[in-house]
Amino acid sequence: MANVEAEIRARGETLASFAARIGVRSQDINNWKRRGIPRTKQTAVAEALGWSLDRLLTGEPVAPDLTDQLQADQLQADQPQMDQRQADQPNSHARSAADTGATHAYPAIAGFAIRETGDNDPSEPSPWLPKQRLALQAGQVVMIEERRSPVAFPPDWLQRRELRQENLALYQAEGDAMAPLIQDGDILLIDVADSCPVEGGVFLLHAGRTLIIRRIDVDYDGTWILRADNLTRYPDRRVSPAAQGTQINLVGRVYWRGGEITP
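Keep in mind the model is a prediction, meaning the values are calculated, not measured.

If you trace the backbone, glutamate 5 turns up in helix H1 (residues 2-10). Using a relative accessible area of 18% as the deciding quantity, one classes glutamate 5 as buried. Non-local contacts of glutamate 5, meaning those with residues more than four positions away in its chain, are made with Leu15 and Lys33.

Structure below.
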């Protein structure tokens with residue numbers, strides 16, 4: 001674990017932000033210093049660092065495979081080059097409300113790059129553009145239909161996660177409770193059919209007249225422990241079984257986030 005911590009700090013990243021990237025808490029990282037990285041998290045840690053699993057376990061860098069590098073170089077050479085006119089065109093799926101006439105001003109971002117096919121090949125699945133937006137109106141959670149979507153998702157990405165389009169909606173995050181994982185203004189993809197708390201999952205909850213984003217741990221007696229990633233400003237909150245569904249309602253699980261990268 002010492003080599004992992006040294007690598008994280010050498011990259012200018014905090015343990016808290018690294019923990020958020022792999023879906024664990026900062027306390028888990030601190031515990032690993034004594035107990036070692038659990039087997040179930042070793043692959044996630046290695047991938048987050050760009051290491052092989054062997055390097056993570058042995059602490060020694062692995063010599064690069066020249067065959068892989070030659071293949072990568074060949075793939076790059078085979079890629080068509082974009083001319084300047086194409087490079088200057090804005091992403092058609094990343095427009096502001098002023099461009100689209102939508103009633104809600106999403107930041108101009110795109111969820112995934114969309115490969116355009118010059119032949120309009122019908123075998124190529126069209127990207128899914130979510131237009132449902134979650135919002136609060138008079139203290140109630142409602143879905144609002146937008147004219148355009150700020151993001152696009154490949155259908156196979158949804159299928160791999162067993163997500164159904166009719167259960168998905170966008171939500172624009174507010175505040176810094178889940179920073180650095182989720183920043184103020186980020187766009188989130190919410191599955192409103194996923195209302196079962198799971199360890200490490202991030203959820204949108206309806207609390208009174210506000211919507212909040214938290215991780216949920218379940219205590220032995222069924223009590224929810226709502227945890228923010230920004231622990232210095234937002235302490236844990238316990239929700240008894242009697243208050244679940246009355247004072248606090250689970251709206252859905254967060255499956256994707258997108259937003260601006262700021263210096």
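Per-residue pLDDT for the protein chain averages 76, and the proportion of residues at 70 or more is 75%. Taken together, the stretch residues 62-72 has pLDDT below 50 and engages in three contacts with residues farther than four places along the chain or on a different chain. For the stretch residues 77-119, pLDDT sits under 50, and the model shows 60 contacts to residues farther than four places along the chain or on other chains.

What follows covers the pattern of salt bridges. Within this structure, the stated rule accounts for eleven salt bridges. Here glutamate 146 makes a salt bridge to arginine 133, at a shortest N to O gap of 2.6 Å. Taken as a pair, glutamate 146 in the loop between strand S2 (140-145) and helix H9 (155-160) and arginine 133 in strand S1 (residues 132-137) lie far apart in primary sequence, 13 residues in all. Look at glutamate 146 and you get buried, because its relative accessible area is 5%. For arginine 160, the salt bridge goes to aspartate 156, with nearest N and O atoms at 3.6 Å. Of this pair, arginine 160 and aspartate 156 both sit in helix H9, four residues apart, which is roughly one turn of that helix.

Our focus in this paragraph is unusual backbone geometry. The step from alanine 179 to proline 180 runs through a cis peptide bond, and the omega angle for that step is 5°. The topology assignment puts proline 180 in the loop between strand S3 (168-172) and strand S4 (187-191). One non-glycine residue, alanine 138, lies in positive phi territory at about 55°. Along the chain, alanine 138 falls in the loop between S1 and S2. Given the relative accessible area of 71%, alanine 138 is considered exposed. Positive phi, normally seen in glycine, also occurs at glutamate 162, with a value near 55°.

Reading the values: the criteria
Residues numbered from 1 in each chain as written. Predicted model: local features only at pLDDT ≥ 70, side-chain atom pairs only at ≥ 80, totals over all residues. Heavy atoms only, no water. Helix = DSSP H or I, 4+ residues; strand = E, 2+ residues; numbered from the N terminus. Buried < 20%, exposed > 50% of the residue type's maximum accessible area, 1.4 Å probe, protein only. Contact = heavy atoms within 4.5 Å. pLDDT = per-residue confidence, 0-100. Salt bridge = Lys/Arg side-chain N within 4 Å of Asp/Glu carboxyl O.

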